[in-house]
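Coordinate inspection notes
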Amino acid sequence: AAQAAQLWEAGAGDTEAAELLLNVVRASRAKQQQQRHTRACGGSGPGCACTAEGCVLLVAHADALVRDGEHRRALCVLERVLCAYGAAQLADAGTVAAVRLRAARCHLRLNDEYAAMRTLEAVPAASRTLAAHLTLARYYRRNNLLRECTKEFEAALRKCRFCVEAIAALTDLGSKAEALKALCLGGASEAESAALVRIIAAHISVKEGRYAEALATWEALIALLGADDRYCLQQKAKCLLLLNRRLLASGTLERLHTIDPDAQGMMDVYALLLYEDRHFAVLHSLAHDLTRANPGRPECWVAAACSAAARGQAEKVPPPPPPPP
């Protein structure tokens with residue numbers, strides 16, 4: 001079992017070897033024990049799902065299949081684990097919840113959002129992770145289920161007080177500053193409270209249309225947390241765009257890209273600004289960096305599209321004036 005776990009941990013290409021090893025282990029068991037295992041797990045696939053150790057190995061097998069991109073096969077393995085857990089009561093609620101979360105991620109990879117949400121909803125609220133709460137909240141918000149969405153975002157804030165996505169979403173959904181502070185500030189240190197109060201105030205200001213006040217709050221947060229705080233820089237750039245201060249917004253996004261060239265957040269906006277301002281050389285470099293970092297993100301495709309359009313217009317751009325003598 002330990003060797004099989006090591007093979008699965010090794011990554012792509014070793015799943016078949018691990019299955020072979022576990023099948024050899026199964027074949028060496030006594031006949032009576034084999035029959036008992038066969039009745040519990042159906043007698044197919046690696047591992048024995050009628051024991052706690054067998055379930056752990058099957059979960060490791062599913063993780064290996066996910067790494068190989070075989071999400072449908074991983075779902076089949078996870079369903080066997082859930083059936084074994086339900087039949088034999090081999091695990092606590094937290095372990096079952098972890099398996100269901102894995103299954104939900106597989107459903108999402110297969111673009112079956114409805115099945116993923118049904119799987120997550122089967123997880124008790126107390127056992128849901130932060131990622132589960134946020135995934136459910138986004139789904140509910142897209143489908144206009146605002147009461148359920150609010151509950152999930154509030155649960156996410158109780159899990160992590162610095163879940164700024166939940167703070168921004170609850171602000172948009174109409175939550176008041178006092179309610180957000182009650183969710184965030186319980187047990188927070190003085191430094192955490194100072195930052196959270198400003199973050200909540202900034203989002204409330206944006207919601208109420210007081211963009212200059214929000215900008216001042218984000219600048220105060222940058223002074224408090226450091227000039228390299230990416231989240232504050234993103235929010236500052238948004239406020240500058242809302243105030244129609246494009247040049248300063250472009251400079252802020254340039255600073256953001258300099259801090260982390262592989263980060264994708266708001267880089268689509270930066271690419272559009274560069275394209276509209278005809279800074280084509282910087283735009284090409286940005287598109288190259290984003291494509292190298294993560295070619296599957298939509299920000300990367302926006303930057304690549306702007307870069308391709310700019311290459312078609314490069315010959316139309318007049319040359320720069322000669323330098324003064």
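Residues numbered from 1 in each chain as written. Predicted model: local features only at pLDDT ≥ 70, side-chain atom pairs only at ≥ 80, totals over all residues. Heavy atoms only, no water.

**Remarks on the environment of Lys176**
Here Lys176 lies in the loop between α10 (164–172) and α11 (177–184). Assessed through its relative accessible area of 58%, Lys176 is described here as exposed. In the structure, Lys176 is positioned 28 residues away from Ile204 in sequence and 8.1 Å away in space, judged by C-alpha atoms. (Helix = DSSP H or I, 4+ residues; strand = E, 2+ residues; numbered from the N terminus. Buried < 20%, exposed > 50% of the residue type's maximum accessible area, 1.4 Å probe, protein only.)

**A few points about the pattern of salt bridges**
Between side chains of opposite charge, a pair can form as their charged atoms come close. On inspection of all chains with the given rule, the structure shows 16 salt bridges. The salt bridge involving Arg292 is made with Asp262; its shortest N-O contact spans 3.4 Å. On the criterion of sequence distance, the pair formed by Arg292 in helix α17 (residues 280–293) and Asp262 in the loop between α15 (246–259) and α16 (267–276) is long-range, its members being 30 residues apart. Taking relative accessible area as the criterion, Asp262 reaches 37% and is therefore assigned partly exposed. A cluster of three or more residues bridged by salt bridges with shared partners is formed by Glu208, Arg210 and Glu213. (Salt bridge = Lys/Arg side-chain N within 4 Å of Asp/Glu carboxyl O.)

**With respect to the nonpolar core**
Counting 58 residues, the largest nonpolar core has Phe153 and Leu157 as its most contacted members. Among residues more than four places away in sequence, those in contact with Phe153 are Leu134, Ala137, Glu165, Ala166, Ala169, Leu170 and Leu173. The next biggest cluster of nonpolar side chains, apart from the first, holds 17 residues, and it includes Leu75, Val96, Val99 and Ala103. (Core = buried A, V, L, I, M, F, W, Y, C linked by side-chain atoms within 4.5 Å. Contact = heavy atoms within 4.5 Å.)

**A few points about unusual backbone geometry**
For Asn144, which is not glycine, the phi dihedral falls at a positive 65 degrees. Here Asn144 is to be found in the loop between α8 (130–142) and α9 (146–159). Here the phi dihedral of Arg278 falls at roughly 60 degrees; this positive angle occurs in a residue that is not glycine. Tracing the backbone through its elements, the reader meets Arg278 in the loop between α16 and α17. By relative accessible area, which is 46% here, Arg278 ends up partly exposed.

**Thoughts on α11**
Considered for burial, the residues of α11 that qualify are Ala177, Leu180, Leu183 and Cys184. Summarising the axial view, the buried residues of α11 lie within an arc of 125 degrees, below the 170-degree limit, and thus occupy one face. Across α11 from its buried face, at more than 90 degrees, point the exposed residues Glu178 and Ala182. Contact partners of the buried residues in α11: α9, α10 and α12 (190–207). (Arc of directions from axis to C-beta.)

**Overview of the packing of aromatic side chains**
Scanning the entire structure with this criterion turns up three aromatic pairs. Taking 5.9 Å as the distance between ring centres and 55 degrees as the angle between the ring planes, the aromatic pair formed by Tyr139 and Tyr140 counts as tilted. With a relative accessible area of 7%, Tyr140 lands in the buried category. The positively charged end of Arg118 is found above the aromatic ring belonging to Tyr114, 4.5 Å away from the centroid. (Phe/Tyr/Trp six-rings, centres within 6.5 Å; stacked < 30°, edge-to-face > 60°. Lys NZ or Arg CZ within 6 Å of the ring centre and 35° of its normal.)

**Here we look at the side chain of Thr135**
By secondary structure assignment, the location of Thr135 is in helix α8. Relative accessible area serves as the criterion here: at 18%, Thr135 is assigned to the buried category. Leave out the neighbours within four places in its chain, and Thr135 touches Leu108, Met117 and Leu120.

**Considerations on the packing of α12 against helix α13 (residues 211–225)**
Axis separation between α12 and α13 bottoms out at 8 Å; the angle between their running directions is 160 degrees. What the angle tells us is that α12 and α13 run roughly antiparallel. The way α12 lies across α13 gives a crossing that is left-handed. Taken together, the residues of α13 that come into contact with α12 (itself represented by Ala195, Arg198, Ile199, Ala202, His203, Ser205 and Val206) are Tyr211, Glu213, Ala214, Thr217, Trp218, Ala220, Leu221, Leu224 and Leu225. (Axes fitted to C-alpha atoms, helices over the stretch in contact; angles between N-to-C directions. Parallel < 35°, antiparallel > 145°, perpendicular 65-115°, else oblique. Left-handed = near helix turned anticlockwise from the far one by under 90°.)

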